[in-house]
Amino acid sequence: LICNMYIQGGSKMNNICLKFTVAMIAILTLAANANAVTRTVNCDKGQTIQAALEKGQGSAESLVINVSGICKEYVSITRDDVSIYGNNNATIEGTIEVLGGMRILVDGMTLNGPDIGLHVFGGHAELRDTYVTGNSYGIAVNRNSFLSIFDSNISNNTSDGLHVIVGSTVEIHNTDILNNIGNGIEIDRHSNADIRDGCKISGNDNGVRMYLHSSAFITETEISNNRSNGILMDNDSGVIGFGPITISGNSSNGVLCYDAESSFETNDVITDSIKCTDFNY
């Protein structure tokens, strides 16, 4: 209701609405965790996250798992209301896969290959304070999934840092996406991204690559020094850039659209070349 009241209030009110929504989600998560079952996993002692998940299989109670050590495992989350905390003292040398689970939190971990670091497939998840490095795809968000990312680092993966596909949505806050061999962010096939709050996208192939009816809103973000383009779009995709936004030092173009149907618009001054049509209203 509050968000509907703000819809005519312009970008400032929409910003307030987004922050209010994020705050409410955090409050609800804390309330759920207050009544949660808590388990501790020390991977260096042979314990596993998957065993902790399976121990609570079938339970409707929220589950909190505190993890330490190096976990060499594939973690499959198929239930709702799971929070995994690494407290910056845990590494998963494998994959966390969210298969349809809702209200999933991964916080304070390192996710380190060799396959996909985090794969959200048909679920809703949140990633906080996590370092995603040395995977194939750092993160894949697939099949109408939603992922919010806060205060993280997605770097040095051998394909895309973040791959968003088939009707999925990501919100990215204050996160560095650096030096991935593929694109920093690939937004593909009717997918969407909201990129804001001090993100830096640098040293990738294309900083942001968009394809087939995909869209992005970008603000308070630097897209610089990527090996090809800052933003590359085709097949009727579009970006709104709301200042402050920096697109500079990219090897080819700041913004390149392969087709006339794709569009880019910003209220800020961009130093790199823009080869893209504006939106037609």
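Residues numbered from 1 in each chain as written. Predicted model: local features only at pLDDT ≥ 70, side-chain atom pairs only at ≥ 80, totals over all residues. Heavy atoms only, no water.

**Quick look at unusual backbone geometry**
Trans peptide bonds make up the majority, and among non-glycine residues the majority have a negative phi. In the segment running from Gly113 into Pro114, the intervening peptide bond is cis, with an omega of 15°. In this fold, Pro114 is placed in the loop between β8 (110–111) and β9 (118–121). In this chain, Gly243 is followed by Pro244 through a cis amide linkage whose omega measures 5°. Tracing the sequence through the fold places Pro244 in strand β24 (residues 238–248). Even without being a glycine, Arg143 presents a positive backbone phi close to 60°. (Helix = DSSP H or I, 4+ residues; strand = E, 2+ residues; numbered from the N terminus.)

**Looking at the pattern of salt bridges**
Oppositely charged side chains can form a pair if their charged atoms are brought close together. In this structure the tally under the stated criterion is 6 salt bridges. The partner of Asp81 in a salt bridge is Arg103, and the shortest N-O contact between them spans 2.5 Å. In this pair, Asp81 sits in the loop between β3 (74–77) and β4 (82–85) while Arg103 sits in the loop between β6 (95–99) and β7 (104–107), placing the two residues 22 residues apart along the sequence. The class of Arg103 is exposed, set by a relative accessible area of 52%. (Salt bridge = Lys/Arg side-chain N within 4 Å of Asp/Glu carboxyl O. Buried < 20%, exposed > 50% of the residue type's maximum accessible area, 1.4 Å probe, protein only.)

**Let's talk about the pairing of β6**
Of all 5 residues in β6, 4 are buried; the element is thus mostly enclosed. Taken together, the 4 bridges between β3 and β6 define a ladder with parallel strand orientation. Considered in β6, the bridge of Ser76 is made with Glu97. Here β6 runs beside β9; their pairing, made up of 4 bridges, is parallel. Directly across from Ile96, in β9, lies its bridge partner Leu118. (Pairing = 2+ DSSP bridges.)

**Focus on the sheet that holds strand β25 (residues 255–257)**
On the basis of which strands lie adjacent, the open sheet formed by 10 strands has the order β3-β6-β9-β12-β15-β18-β21-β23-β25-β27 and parallel pairing. Single-partner strands in this sheet number two, and they are β3 and β27 (274–275).

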